[in-house]
Every structure is written in C-alpha cells, then in structure tokens.
Number of protein chains: 2
Amino acid sequence: MKKLINDPDDVVDEMLDGMTAAHPDRLRRLPETQVLVRDDAPVDDKVALVTGGGSGHEPTHAGYIGDGMLDGAAAGDVFSSPTADEFEELIGACDAGDGVLAIIKNYEGDVMNFETAIELAEMEGIEVESVVVNDDVAVEDSLYTSGRRGVCGTILVHKAAGAKAAQGADLSEVKRVAEKVIDNVGTMGTALTSCVTPEKGEPTFDLGDDEIELGIGIHGEPGTERTEAMPADEVTEHLTEAVLDDLDEGQEVLTVVNGMGATPQMELFVVNRRLQELLGERGLETYDAWVGDYMTSLDMAGASITVCAVDDELKELFDAPADTPALTTK
Amino acid sequence: MKKLINDPDDVVDEMLDGMTAAHPDRLRRLPETQVLVRDDAPVDDKVALVTGGGSGHEPTHAGYIGDGMLDGAAAGDVFSSPTADEFEELIGACDAGDGVLAIIKNYEGDVMNFETAIELAEMEGIEVESVVVNDDVAVEDSLYTSGRRGVCGTILVHKAAGAKAAQGADLSEVKRVAEKVIDNVGTMGTALTSCVTPEKGEPTFDLGDDEIELGIGIHGEPGTERTEAMPADEVTEHLTEAVLDDLDEGQEVLTVVNGMGATPQMELFVVNRRLQELLGERGLETYDAWVGDYMTSLDMAGASITVCAVDDELKELFDAPADTPALTTK
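Note that the coordinates shown come from a computational prediction; the quantities given were computed from them, not determined experimentally.

Membership of the largest hydrophobic core comes to 189 residues, with the highest contact counts inside it found for Phe318(A) and Phe318(B). Apart from the residues within four sequence positions on either side, Phe318(A) is in contact with Leu156(A), Lys159(A), Ala160(A), Val181(A), Leu254(A), Tyr287(A), Cys308(A) and Val310(A).

Right, here's the structure in full:
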C-alpha cells in the first residue's frame, strides 16, 4: 500500500510540523511534545477548551484549534491515545485561570489518560471539568470502549462549547452547553474499504469487493452489519434511520455528512441529497447541513451521518464566528 | 469498485441537488441545467466571475461560488465539458450589466464550448472577457489540451480576481488580476493510484503496487514519468523542483498542497512540511500555505503542489474576505 509518508515512525511528528508550517500564525507546538495549542495560548478571560486522541482522523483534532473552538489538542500516535503527560502539558499551556473543559471521545485509553492528567492538573490548582462524547449509535460496547464510541458529533461539541467560551461564559456554563450537544447528537457510519495504518501498511480488516460494513468505527472497529454493497440512497436510509430515532416532527436539526478520508465529495453530496429528502419526509427541519471531511479514518472510503437536534441556544452557538484551519464561519 | 452512488447516469444531477440542499442560502440551480449560481445572482455593480468544467473535481467548481469568488459555475458530466448552451445560460444568469469574466481551464472541450457561449452572449449584448488557466508545468501538450493543462492554480485565479471584482473593479482590471495570477503560478501533481469514474467503475489507468506517476493530470492523463514509489520527501522534492523554476531568492509565494481526493490530510501535511523546508533552502518566503482538497480527481490518491509568486497586490487580494462552501477567509 503506497502512502505519501517517510518512516512510519515519524509520520505524526512530521504531520504536526507540516500543520504548524501551514498555520504559523495560529498554531504552536509545545516543545518536545505532540501537543498543538493556539499561538496566543493561554487566552485571558476565557474558559479553555482542550481535546485530543489518536492521530489519523485529521482534520480532527488540531484542525479545530482557533477562535471560537479549541485552545489546544494533543495528538497521539496513529489510532493511539496521547499519554497522560501530554494531556497534562496541554491543560497547563491552555489554562489562563478561568478553568479548562476537556472534551474526550469515549475510548478507554483517551478517558484513562485524560482523567489522570486532570487529577494532576487539579493538584496544580487548575480547575478542570470534562465531558465524554459518545455519539456513535451503532454499537453499545466496542473494541476500545465501554459504552458508545465518540465520533464526528465531537466536532459539534467543539463548535458549540467553543462559541460559549468565546462569549465569556464560565466553566459550568460551557460544560452545560457541551453536555447539551452530547445529549442531542447521534452518528452512524459505513465503510466501503478498510483504512490502512502507516505502521502496518495493509488493510486493518478485510472487506470483500462487493461488501460494505454498516456501523463502522473510525479505527475500523466492527460495526453492526456486513452487507452487500448497495446504492447510495439505500445506505443513506440505513444510516439515517439509525440516528433519527425518536425525534419529533417539526424538530430542527443540524446534519453532518462526513467523509472517512478517501470518499470523493461528489459521493458525500449524493448522500446529503437523500438525507435531506428523508428528513423532509419525517417532518424534520434542517437548520444547517455540513458536508465534508470532519473526522476521518486515514484512507477509509465511506461516510458517516450525524444528526443533532437544536434549539435556539445551540443554533446561535453553531452560527457564531469560528476561525480555525478546518472550519471557518462568520 | 464500490462507490456511494446510485445510477452512474444520475450522479452529477444528484450531486448538484445535494450541494444546493447543503447551501440553500448560497447556491441556486438554474432550472433544467447543471449550472449553479449564487442565490442572489446577478449581483449589481460588480463584474461577474464564471467558470465550469467536468465534474469529479469537487469542491471545484461550485464549491467556490460566493462572496469574493465566483458568481456561478457550470458542471459537465464526469470529466466532460459542459455544453456551450449551459455556459451561455451561466453567463446570462450572472451578468448584471457590468460584464463577465470567464475563467477557463485549458482543456479543448472547455475552451471550445466556452468560446461559443461567449460569442452567443456577446450577440445578446453582454460584455464578456475570458482567461485560460494553464498552470500544470508537467507536460506541454496533453491528451485533452494544446499547451499546458489547467489545474489547481485555477483556485487562486478565482480568489484573486473574485476579490478584485468584489472591490468594484471594472472588467479590464479584474481580467488583469486573473492574468497576473496565471503568469505567476505553476502546479505539478503525482498519483499513487488511478481514479475510478462512476461510469466505468474500474481504474482509468494501471499503476503497479509499487509505482507512482509524476506529472499526472486531474483526469488521469499521463504525466512525465512513472517511477518506483518513494518516500514523501523525495516525491515533494520532485514536484517542488518542477514548479519553482526561475523564482528569485527573497520572492514571496503562496503555496498549495492539494489532495487528489483519496489522500489522508496526514499525508498532505507531511508533504507541506518538506515543501516549506525546500522553499526556505531556496531563500523563498512563504506568505501563506494552503493544505487541503481544492481540486480533486474523484478517488485518486496523490497530491499536487502549487506555487504562486505574489506581490503586494496579490497578497491583499488573497487575504480579502471570501465566503464560499469550500473556502472562507476573513
């Protein structure tokens, strides 16, 4: 399997340097770490938002560092949690005295290492709260999780909580908004092909030429069902059905059609077309529809659908300005 | 080859509907065409910018419709030029009386059909000027071109000329800026895998498991050299060497590392890291560095590097606000 990399052992290091080289006025790498923070961190008079996790999901996580979203993010090796030490450095570098909200995707390594880091930071007198995102409705427990996995809905947590923090809200308010998104968001994905990690250089799992996997995880973890390949409209129906669940007619929603890394945008728009039709048929109202690569799985072909029920508060926060490498709104 | 599509014959139609469904407040589809225009087109007191070409390069072309960039774009079938009729409808829908600049990528079908459309529009009394982008330094003539191909540098033409038009400049000034970018921009790409068109469902060309193609075109047209796969740094050196050409030490440049559709962002940042090192070694100064999928080739794995020499005028125009589905600056 060909990749545009050098030594697989260096890929995260080189990627992080390539990111700061692309955004020298926005991103700063903490020396001898895999942690990126806002160039102007710590930002005074603002709750800091931090996150992190394994690499290979770009633009997650560092792509969302900037005004109106994250203050910093720790990058682990490919599909591996950052260490507790790196999370601790991240928290320390971003706190300006107004407290820190840690946004954790629900994977055992991330949760454990972030929790350790939070304890250490608290011993240094930093106020830290955390939320755990578990938006993947596909499976209840999984290869790396107790409970549901955290996937693309995490970006909506960054956006809403980041906007709340930028408005000067205190830590409890920022946390409340993050939890509101978590309570209202669901995601389900499908894979057409396996991802290939730089280290292994071969597909993580086997999928036949005429097979797809529904409910796939962003590391290639097993989903709910392996089926014959089907037309995009049918795939979209399966994914949408899983995330709409119990939404009432008239409910406003924000939707995300997310590419897994190797999916042409053409296909994502084909999926979005059917998704919006389905929402209309269910009497739901789309307040905003995002289409793009927000949380990927290296070179996996496939897509996920995220639906988040919104109220006036969330709509205002999703609309608020953000200026980051991967997401700019104004 | 699995794709998230329905009938291949419907893919462009469904994609365009999926785009307008994602951006109902920005994009409007002209009835019974494959033409998308700004929702508020024609925009008064402004030169209109239009473009178009085959589909399969998303977010090119319609992703760049909006404030500070394009007024509209015609989408052909996959890798096929739009018809002269569609280009004519596009021009007519975007002109508000201040003239239209057509930005044409140098492919024989696009040039021929756009020229016919321009003649027809001029007979209707619309003032139209055109520029032809030919930034691909790989090959002098190609499968579908006389002269060099138009590729990712086209986005920089949209950005700079679009900013100039938004400032109220007249048609000759907007055209002058477009030509300035064209005179100063070069691109070279590489493919690790072939693209697969929806219609054919099989790779457009064969590339061995350990082979890459340098100088590839965005439709899979042959490049300059087929070589063994090599580390990202070496690939980057080959591409960069080809586009730096005769730039003087101290020259400021804008760079683009563009993904071909199936390339993980991780790899694009690895390439950007080496690109910026090479520029530094050559005494060139990076004024801005873009990394992402700007002009793709369906599901091709690979990347292109674009370098554009900039002066104060171009820097101001690249920095100017833009608000489009695929590119937002502020």
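Picking up where we left off.
Residues and elements named next belong to chain B. Within the open sheet, the six strands sit side by side as E1-E2-E4-E3-E5-E6. Their pairing is mixed. Edge strands, defined here as strands with exactly one partner in the open sheet, are strand E1 (27-29) and strand E6 (128-133). In this sheet, adjacent strand axes meet at a mean angle of 25 degrees when their direction is disregarded. With six bridges connecting them, strand E5 (residues 100-105) and E6 associate as parallel partners. Bridge pairing links Val-100 to Val-128 in E6. In the packing of helix H2 (residues 84-94) onto the sheet, the strands contacted are strand E2 (35-38), strand E3 (48-55), strand E4 (72-78), E5 and E6, and the crossing angle to E3 comes to about 155 degrees. Together, E3, E5 and E6 form the strand contacts of helix H3 (residues 108-123), whose direction differs from that of E5 by roughly 165 degrees.

For the rest of this paragraph, the subject is the UniProt feature "domain: DhaK" (unreviewed entry) in chain A. UniProt's feature table lists "domain: DhaK" (unreviewed entry) at residues 7-327 of chain A, given in the numbering used throughout. Here residues 7-327 of chain A is 33% helix and 23% strand, with 30 Å between the C-alpha atoms at its ends.

Time to look at the relation of the copies chain A and chain B. Superposing chain A onto chain B requires a rotation of 180 degrees together with a translation of 0.0 Å along the rotation axis, leaving an RMSD of 0.0 Å. Interpreted geometrically, this transformation is the action of a two-fold axis. By C-alpha distance to the rotation axis, the residue of chain A lying nearest is Ala262(A), at 1.8 Å. Both copies share a contact surface, since 100% of the interface residues of chain A are interface residues in chain B too.

A few words on the side chain of Thr324(A). If you trace the backbone, Thr324(A) turns up in the loop between strand E13 (322-323) and strand E14 (328-329). Looking at Thr324(A), its side chain comes within polar contact range of the main-chain oxygen of Leu327(A), at 2.8 Å.

Let's shift gears to the environment of Asp110(A). Residues and elements named next belong to chain A. Tracing the backbone through its elements, the reader meets Asp-110 in helix H3 (residues 108-123). Apart from residues lying up to four places away in sequence, Asp-110 is in contact with Gly-52, Gly-53, Gly-54, Ser-81, Pro-82, Phe-87, Ile-104 and Lys-105. For Asp-110, the side chain forms a polar contact with the side chain of Ser-81, separated by 3.1 Å.

Further remarks concern the interface of chain A and chain B. The interface is formed by 56 residues belonging to chain A together with 56 residues belonging to chain B. It is Lys2(A), Leu4(A) and Met266(A) that lose the most area in chain A upon contact with chain B, and together they represent 22% of the buried surface on that side. Applying the counting rule to chain A against chain B returns four salt bridges. For Glu14(A), the salt bridge goes to Arg273(B), with nearest N and O atoms at 3.7 Å. Counting across the chain A and chain B interface gives 16 residue pairs in polar contact (both at pLDDT 80 or more).

Residues and elements named next belong to chain B. Tallied over the entire structure, the rule returns four aromatic pairs over all chains. Seen in terms of ring centroids, Trp-290 and Tyr-294 are 5.5 Å apart; in terms of plane orientation they differ by 40 degrees. Their pairing is tilted. Each member of the pair, Trp-290 together with Tyr-294, is buried.

All names here are of chain B. Running from N to C, H2 and H3 point in directions that differ by 50 degrees, and their axes come no closer than 8 Å. Of the possible angle classes, the one that applies to H2 and H3 is oblique. For the pair H2 and H3, the crossing hand works out as right-handed. Between H2 and H3, the residues in contact are Ala-84, Phe-87, Glu-88, Leu-90 and Ile-91 and Asp-110, Asn-113, Phe-114, Thr-116, Ala-117, Ile-118, Leu-120 and Ala-121, respectively. Across the contact of H2 with H3, the residue classes tally to nine nonpolar, two polar and two charged.

Attention shifts here to the sheet that holds strand E2 (residues 35-38) of chain A. All names here are of chain A. Taking strand neighbours across the sheet as the criterion, the six strands line up as E1-E2-E4-E3-E5-E6 in an open arrangement whose pairing is mixed. With partners counted over all chains shown, the strands left at the sheet margins are strand E1 (27-29) and strand E6 (128-133), one partner each. Mean inter-strand twist for the sheet, computed between neighbouring axes without regard to direction, equals 25 degrees. Relative to strand E5 (residues 100-105), strand E3 (residues 48-55) runs parallel, the two being bridged by four bridges. Looking at the pairing, Ala-48 lines up with Val-100 of E5. Of the strands in this sheet, E3, E5 and E6 are in contact with H3, which crosses E5 at around 165 degrees. Sheet contacts for helix H5 (residues 171-184): E3, E5 and E6; angle to E6, the most-contacted strand, approximately 5 degrees.

Counted under the stated rule, the structure contains zero disulfides over all chains. With no disulfide of its own, Cys152(A) lies closest to Cys308(A) among cysteine sulfurs, the gap being 11 Å. Residue Cys152(A) is classed as buried on the basis of its relative accessible area of 2%. Here Cys195(B) stays free of any disulfide, with the sulfur of Cys152(B) as its closest cysteine sulfur at 16 Å. Under the relative-accessibility criterion, Cys195(B) is labelled buried at 0%.

Residue and element names in this part refer to chain A. Structurally, the position occupied by Ile-218 is in the loop between strand E8 (211-214) and strand E9 (225-228). Residues Ile-218 and Glu-228, ten residues apart in the sequence, show an inter-C-alpha distance of 20 Å. Sequence-distant contacts of Ile-218, that is, excluding residues within four places in its chain, are made with His-57, Phe-79, Lys-105, Tyr-107, Gly-150, Val-151, Met-295 and Ser-297.

Cut-off values and rules
Every chain begins its residue count from 1, and numbering advances along the sequence as written. Whichever chain is written first is A, and whichever ligand is written first is 1; the rest continue in order. Totals for whole chains, interfaces and linings use every residue, but because this is a predicted model, local features are given only for residues with pLDDT of at least 70 and side-chain atom pairs only at 80 or more, for both listing and counting. Where side-chain values are given, they derive from all heavy atoms of the structure, hydrogens and water being excluded. Here, nonpolar core means buried Ala, Val, Leu, Ile, Met, Phe, Trp, Tyr and Cys residues that are tied together by side-chain atoms lying within 4.5 Å of each other. With a 1.4 Å probe rolled over the protein chains alone, any residue whose accessible area is under 20% of its type maximum counts as buried; one over 50% counts as exposed, and the rest are partly exposed. Any two residues whose heavy atoms approach within 4.5 Å at even a single point are treated as in contact. Only strands joined by at least two bridges in the DSSP assignment are considered to pair. Segments assigned H or I by DSSP are reported as helices when at least four residues long, segments assigned E as strands when at least two residues long, and all are numbered from the N terminus. For helices, the fitted line uses only the C-alpha atoms of the stretch in contact; every axis is such a line through C-alpha atoms, and the angle between N-to-C directions lies from 0 to 180 degrees. UniProt positions are given in the numbering used here, feature names are shortened, and annotations may be inferred rather than shown by experiment. Least-squares fitting of one copy onto the other uses the C-alpha atoms of those residues that reach a pLDDT of at least 70 in both copies. Contacts described as polar in this section are N or O atom pairs within 3.5 Å, which, within protein, must combine one atom able to donate a hydrogen with one able to accept it, while residues neighboring in sequence count only if both atoms come from side chains. Accessible-area loss on putting two parts together, using a 1.4 Å probe and summing over both, is the definition of buried area adopted here. Think of a salt bridge as a Lys or Arg side-chain nitrogen and an Asp or Glu carboxyl oxygen that are within 4 Å of each other. In summary, the pairing rule links any two rings of Phe, Tyr or Trp, Trp by its six-membered ring, whose centres are within 6.5 Å, and it sorts them by plane angle into stacked for under 30 degrees, edge-to-face for over 60 and tilted for everything else. Any angle that falls under 35 degrees is termed roughly parallel, while one over 145 is termed roughly antiparallel, one within 65 to 115 roughly perpendicular, and all others oblique. Rotating anticlockwise by less than a right angle from the far helix to the near helix defines a left-handed crossing, while the corresponding clockwise rotation defines a right-handed one. Any residue outside Ala, Val, Leu, Ile, Met, Phe, Trp, Tyr, Cys, Pro, Asp, Glu, Lys and Arg is labelled polar, Gly included; the first ten of those are nonpolar and the last four are charged. Any pair of cysteine sulfurs within 2.5 Å is marked as a disulfide.

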